[in-house]
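Architecture at a glance
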Amino acid sequence: MAAQTVTPHDVETTPPPPRLFTRMAAEAFGTFVLVLGIVGTATFNVANGGQIMTVALAGGIALIAAIAAVGHLSGGHFNPAVTFGLTLAGRSRWVDLAPYWLAQLVGGAAAGALMLLIIPDGYGALVGSASSGEVLAATANGYGDHSPMNTLTQGGATFDLATAAIVEVLIAAIFVGVILGVTNERAKITYPAVVIGLTLTALHIVSWLVTNTGFNPARSLASVVSPDAWGEGSVGSQLWLFVVAPLVGAALAALFARAFAPLPAAPTAADGWGEQPGTAPATAEAATVAAVASATAAAVVAEETEDSAASAEEAEDSAEAETETQADEDDKPTTT
């Protein structure tokens, strides 16, 4: 009987994790899709009566789609605050922080540049803006005179810097906290991307009147890529708040997660071009593969042992039958 061997096809193996460039490309693409969903819808939202539901749903659905498309490559952050929070919580490596931030800001800026390019020339006059740059700047995050509340009430009510800072820190903390919760290895969430997308939708509905909902520096950057957003007293001068506040909120969520739901820190890498970051260390994946391989090999050995025993028993029975036959032939009388 030919000996059986375990081939690589017999064992379910984990594909090698993406390299850093692949993960950066995934983050840039996912951020582009997310920001385009939010800023793109807000730019032409006058056709929907300026309602927040369309923007909120577009952002939430775009986030779900981006996570489903490339989240398995990079972890699906698409937000510098999320990357910062996951890093502080031990879910991502510090060596990947700056590259992820760069990719996300590039993706957000690209979405803003695309919107600036496709806004029709006559659209600005229809919505009371002098140029396409001002149309895009109207989607920016802001407080005081640039708060949506101030615009809707024609200066009758507004939100100042302190209120805007509190709201931005709070919604960023909630968002990053939800991500840390639903992706925790103890969680039993079947579709975490849906939960994360719906959370983004809800936070937009709650906070848009205050600051036009930021909690993502890449999204905030996209609305101020035009020089029209950077004049004296323009909304571009407020961008700093929508960079600092989300990072503070993410840090608070990460510290809370470390205190109440600690996980081992992600493994470190020498050059940052190695394995994909995430909640499951590569050693655990390797151990799983090794366990599957051992179980498969044991099953093959057991099968071979059973086959050998069966073959030996058949040979023994055949020998006994031949012996009995020979004995019967010896007992027969001879004839002449």
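Cut-off values and rules
Residues numbered from 1 in each chain as written. Predicted model: local features only at pLDDT ≥ 70, side-chain atom pairs only at ≥ 80, totals over all residues. Heavy atoms only, no water. Helix = DSSP H or I, 4+ residues; strand = E, 2+ residues; numbered from the N terminus. Buried < 20%, exposed > 50% of the residue type's maximum accessible area, 1.4 Å probe, protein only. Contact = heavy atoms within 4.5 Å. Areas by Shrake-Rupley, 256 points an atom, 1.4 Å probe, with all protein chains shown as cover. Core = buried A, V, L, I, M, F, W, Y, C linked by side-chain atoms within 4.5 Å. Salt bridge = Lys/Arg side-chain N within 4 Å of Asp/Glu carboxyl O. Expected span 1.5 Å × (residues − 1). Patch = residues over 30% accessible without salt bridge, like charges linked within 9 Å, V, L, I, M, F, W, Y side chains within 5 Å. 1 Å grid on protein atoms, 1.4 Å probe; cavity = no way out; pocket = protein on both sides within 12 Å on 5 of 7 lines; lining within 4 Å. Points joined across faces, edges and corners; volume = space filled by probe spheres on them. Nonpolar A, V, L, I, M, F, W, Y, C, P; charged D, E, K, R; others polar. Axes fitted to C-alpha atoms, helices over the stretch in contact; angles between N-to-C directions. Parallel < 35°, antiparallel > 145°, perpendicular 65-115°, else oblique. Left-handed = near helix turned anticlockwise from the far one by under 90°.

Moving on: the overall build of the protein. When helices and strands are counted, the protein shows twelve helices and zero strands. Taken from the N to the C terminus, the helices and strands of the protein come in the order α-α-α-α-α-α-α-α-α-α-α-α. Out of the 336 residues in the protein, the part that is buried amounts to 41%. Taking all contacts inside the protein whose residues are at least 6 apart in sequence as the whole, residues at least 24 apart take part in 77%. A total of about 17,200 Å² of accessible surface is found on the protein, and carbon and sulfur atoms cover 65% of it.

With respect to the helices and strands, the residue Ala 250 is situated in helix α11 (residues 241-260). When the C-alpha atoms of Ala 250 and Leu 88 are compared, they prove to be 8.7 Å apart, with 162 residues separating the residues in sequence. Not counting the four nearest positions on each side in its chain, Ala 250 is found in contact with Ala 81, Phe 84, Gly 85, Ala 172 and Val 176.

Core analysis: the largest hydrophobic core is formed by 37 residues, its most contacted members being Leu 63, Phe 78, Phe 175, Ile 196 and Phe 215. For this core, the elements supplying multiple residues, two or more each, are α1 (20-43), α2 (52-74), α3 (80-88), α8 (161-182), α9 (192-211) and α11. Top element by residues in this core is α8. It accounts for eight residues. The residues touching Ile 196, leaving out its near neighbours within four places in the chain, are Leu 63, Ile 67, Phe 175, Ile 179 and Val 182.

Two side chains bearing opposite charge may form a pair once their charged atoms approach each other closely. A complete count under the given rule lists two salt bridges for this structure. Ionic pairing is found between Arg 23 and Asp 96, a salt bridge with its closest N-O pair at 3.0 Å. In this pair, Arg 23 is assigned in helix α1 and Asp 96 in the loop between α3 and α4 (97-118), connecting sequence segments 73 residues apart. A relative accessible area of 0% means that Asp 96 is categorised as buried. Salt bridges linked by common partners bring Arg 23, Arg 93 and Asp 96 together as one network.

The terminal C-alpha atoms of α11, which comprises 20 residues, lie 29 Å apart, in line with the 28 Å expected from a rise of 1.5 Å per residue. Every buried residue belonging to α11 is among Leu 241, Phe 242, Ala 245, Pro 246, Leu 247, Gly 249, Ala 250, Ala 251, Ala 253, Ala 254 and Ala 257, and all of these are buried. Where α11 is buried, its residues contact α3, α4, α8, α9 and α10 (217-222).

Okay, a nonpolar patch on the surface next. There is a patch of nonpolar side chains on the surface, built from Leu 161, Trp 240, Val 243, Val 244, Val 248 and Leu 252 and spanning about 490 Å² of accessible area. Here the element with the most residues in the nonpolar patch is α11; it accounts for four residues. Inspection of the secondary structure assignment puts Trp 240 in the loop between α10 and α11.

The probe, sized like a water molecule, is rolled over the atoms to show the empty space still left. Counted as a void, the second largest pocket has a volume near 910 Å³. Every residue lining the second largest pocket is counted, 32 residues in all, and those nearest its centre are Ala 42, Ala 138, Thr 139, Thr 151 and Asn 212. Put simply, the parts of the chain that give the lining of the second largest pocket at least two residues each are α1, α2, α6 (132-137), α7 (148-152) and α9. Partitioned by chemical class, the residues of the lining of the second largest pocket number 16 nonpolar, 13 polar and three charged.

The contact between α8 and α11 brings their axes to 7 Å, and the two run at 45°. With respect to their mutual orientation, α8 and α11 come out oblique. The chirality of how α8 crosses α11 is right-handed. The residues of α11 that touch α8, namely those facing Leu 161, Ala 164, Ala 165, Glu 168, Val 169, Ala 172, Ala 173, Val 176, Gly 177 and Leu 180, are Leu 241, Phe 242, Ala 245, Pro 246, Val 248, Gly 249, Ala 250, Leu 252, Ala 253, Ala 254 and Ala 257.

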